[in-house]
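Notes for the structure review
One letter stands for each residue in the lines below.
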Amino acid sequence: MAEPISVTVITGFLGSGKTTFINHILTGNHGKKIAIIENEFGEVGVDDGLVIETKEEVFEMNNGCICCTVRGDLIRIMHKLLKRKNRFDAILIETTGLADPAPVAQTFFVDDELKDRVRLDAILTVVDAKHILKHLDDTQIEEGAENEAVEQVAFADRILLNKVDLVSEDEKQAVVRRIKSINGAAEIIETVQARADLDQVLGIRAFSLDRILEEEPDFLDPDAEHTHSSDVTSVGIEAEGNLDFSKAQRWLSTLLREKGEDIFRSKGILCFAGSDDKHVFQGVHMLMSFSSSAEGAGRPWAPGETRVNRLVFIGRHLDRAALNDSFRSCLASSAAAA
Ligand SMILES: Nc1nc2c(ncn2[C@@H]2O[C@H](COP(=O)(O)OP(=O)(O)OP(=O)(O)O)[C@@H](O)[C@H]2O)c(=O)[nH]1
């Protein structure tokens, strides 16, 4: 029988740098044929426009959460990939920032076909050095629900301590201590823009079933209970039309300055009046940035592609009507723009 295909599960809280990491791998010199399975949280998917275009194949699963409702889809995609004549050397699975990696990993041990033909190489957890403590110590999570940021660190075989450019040495050491208190076994790799040495993250044979069973004795029980906190929700906006750049920038910077504690993650693909480029907006709590396809961010508009603004806000206490209204008031052609 052929050598099992290596699967890497990439997890990490909202905005930690998972897509950045995937892009780093895709542009790296690994000589492997890689398939990517992506699962994004939020009513409107944006990541398909943010993963850079390469010859690799990307499969999206955006109809629910990979660790709960769409595990059947994951199994179906995996079976399909295994049937391919020209096989993949490796499969990367990017989970949503709110996923528990354990049920995803379990899939490869309880499905009879996958068990024999796939080898879970590692669970890699990307950690945002600036924001992780806020989420590990989140006191607002509903009773009975899991803190997914803690689960993601606990289940990691290797941790990418990312965004070390945003913290001081003391802050970084505090994060390292906290990570080690949750998971003393995982090696920690410090990164900026998730630029880890590929030999340290792919084909590392780091996943250990024994360690996981120690951590979670019912890991192999397909009926094990698993409850997400339901107060973190998303508001998606999908609309044609050109935005006025200054208005949109003012709107988003004010919004994140005032509500960035509760808005964990925001991102979007935007159309601006007077520009043919695709523009990318990225927000993680109060930090935000704009970039464009002309600068290499995201894929440029394809010929004939309908230009649609797609934004998603993920967090607590989101005001859907206010977000939609303020978006509309930034349209260059709207009455409010006059
Ligand atoms: N300063 C800094 N920013 C980073 C670094 N790595 C990623 N970012 C930025 O952080 C933002 C989020 O990165 P993504 O890679 O989209 O994060 P993600 O984990 O895929 O996010 P979601 O899956 O949407 O939750 C983007 O604006 C990135 O450019 C880093 O090392 N330093």
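Residues numbered from 1 in each chain as written. Predicted model: local features only at pLDDT ≥ 70, side-chain atom pairs only at ≥ 80, totals over all residues.

In the nomenclature of an unreviewed UniProt entry, the chain is known as CobW C-terminal domain-containing protein of Chlorella vulgaris. Check the Catalytic activity (unreviewed entry) section of the UniProt entry for the chain; it says "GTP + H2O = GDP + phosphate + H(+)". (UniProt positions renumbered as here; feature names shortened; annotations may be inferred.)

1. Let's talk about the sheet that holds strand β5 (residues 118-128)
Strands sit in the order β3-β2-β4-β1-β5-β6-β7 across an open sheet of seven strands; the sheet is parallel. What marks the edges here is a single partner per strand, and that holds for β3 (57-60) and β7 (187-190). Direction aside, the axes of adjacent strands within the sheet are offset by 20° on average. The pairing of strand β6 (residues 158-162) with β7 spans four bridges and is parallel. Bridging across to β7, isoleucine 159 finds its partner in isoleucine 188. Those strands touched by helix α1 (residues 18-26) are β1 (5-11), β2 (34-38), β4 (90-94), β5 and β6, and its axis lies near 160° from that of β4. Taken strand by strand, helix α2 (residues 71-83) contacts β2, β3, β4 and β5, and its axis lies near 165° from that of β2. (Pairing = 2+ DSSP bridges. Helix = DSSP H or I, 4+ residues; strand = E, 2+ residues; numbered from the N terminus. Axes fitted to C-alpha atoms, helices over the stretch in contact; angles between N-to-C directions. Contact = placed C-beta atoms within 7 Å.)

2. Concerning the UniProt feature "domain: CobW C-terminal" (unreviewed entry) in the chain
This chain's UniProt record puts "domain: CobW C-terminal" (unreviewed entry) on residues 232-331. For residues 232-331, the helix share is 24%, the strand share is 36%, and the end-to-end C-alpha distance is 28 Å.

3. Considerations on the pairing of β1
The element β1 is extensively covered by neighbouring structure, given that six of its seven residues are classed as buried. Sheet topology note: the β1/β5 ladder contains seven bridges and is parallel. Bridged to valine 9 within β5 is isoleucine 123. Bridging between β1 and β4 involves five bridges; their strand directions are parallel. Bridge pairing in β4 places threonine 8 opposite leucine 92. (Buried ≥ 20, exposed ≤ 12 C-beta atoms within 10 Å, placed from the backbone.)

4. Looking at the site of the ligand
Around the ligand, 21 residues are found, and the nearest of them are Lys18, Thr19, Thr20, Gly97 and Gln282. Residue assignment for the shell around the ligand shows that the elements contributing at least two residues are α1, β9 (263-270) and β10 (279-284). If one sorts the elements of the shell around the ligand by residue count, α1 sits on top with three residues. When the residues that make up the shell around the ligand are grouped by side-chain class, the tally is five nonpolar, eleven polar and five charged. (Near = placed C-beta within 6 Å. Nonpolar A, V, L, I, M, F, W, Y, C, P; charged D, E, K, R; others polar.)

5. Describing unusual backbone geometry
It is generally the case that most residues other than glycine have a negative phi and that most peptide bonds are trans. In this structure, histidine 285 is a non-glycine residue whose phi angle is positive, near 50°. Structurally, the position occupied by histidine 285 is in the loop between β10 and β11 (287-292). A positive phi is found at histidine 317, a non-glycine position, where the angle reads about 55°. As for its position among the elements, histidine 317 is in the loop between β12 (308-315) and α10 (320-328).

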